[in-house]
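Spelled out from the first residue to the last, the chains are:
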Amino acid sequence: MHGAFGALTTLIKKQEAAKNRKVSLKYELQNRKEGFFTNSSRHELKFPEISKTEMKILKEEIRKKYKAARIKNIAVNFFIIIFVLLIFYLIGSIRK
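A few points on the structure. All figures in this text were calculated on a predicted structure; none of them were measured in a lab.

**What to know about the overall build of the protein chain**
Alright, step 1. A tally of helices and strands in the protein chain yields 2 helices and 0 strands.
Alright, step 2. When burial is assessed residue by residue, the protein chain has 0% of its 96 residues classed as buried.

Here you go:
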């Protein structure tokens, strides 16, 4: 009977230790979260004011760059696929 009682007390102690760890971790994470909110004004970035026309021009430039990069990416992927298919074709024709 003593062995079963010892196992039960050990189980209870392990559960309490896990509960205490969980509570302390939750407290630490809550303090970090509150620290981010209180110190956020210190890390605030200031950007220059842009007029609406300048903003439109900037957006168009970004769209052009994105479109060019996307077309380039599609072309490179297309050539890679063609190259891989060509290699498979050559390997298949050598075996025959």
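**Here's the deal with the pattern of salt bridges**
Alright, step 1. This model, assessed by the stated rule, comprises 2 salt bridges.
Alright, step 2. When the shortest N-O distance is used, the salt bridge between E28 and R32 registers 2.8 Å. Taken as a pair, E28 and R32 lie in helix α1 (residues 2-38) at a separation of 4 residues, close to a single helical turn.

**Let's talk about the packing of aromatic side chains**
Alright, step 1. What the rule picks out here adds up to 1 aromatic pair.
Alright, step 2. With 5.9 Å between their ring centres and 65° between their planes, F78 and F79 make a pair best called edge-to-face.
Alright, step 3. Given a relative accessible area of 57%, F79 falls into the exposed group.

**A word on a nonpolar patch on the surface**
Alright, step 1. On the surface, a nonpolar cluster with roughly 1200 Å² of combined accessible area is contributed by V76, F78, F79, I80, I81, I82, F83, V84, L85, I87, F88 and I91.
Alright, step 2. Mapped onto the elements of the fold, F79 is located in helix α2 (residues 52-95).

What counts, and where the lines are drawn
Residues numbered from 1 in each chain as written. Predicted model: local features only at pLDDT ≥ 70, side-chain atom pairs only at ≥ 80, totals over all residues. Heavy atoms only, no water. Helix = DSSP H or I, 4+ residues; strand = E, 2+ residues; numbered from the N terminus. Buried < 20%, exposed > 50% of the residue type's maximum accessible area, 1.4 Å probe, protein only. Salt bridge = Lys/Arg side-chain N within 4 Å of Asp/Glu carboxyl O. Phe/Tyr/Trp six-rings, centres within 6.5 Å; stacked < 30°, edge-to-face > 60°. Patch = residues over 30% accessible without salt bridge, like charges linked within 9 Å, V, L, I, M, F, W, Y side chains within 5 Å. Areas by Shrake-Rupley, 256 points an atom, 1.4 Å probe, with all protein chains shown as cover.

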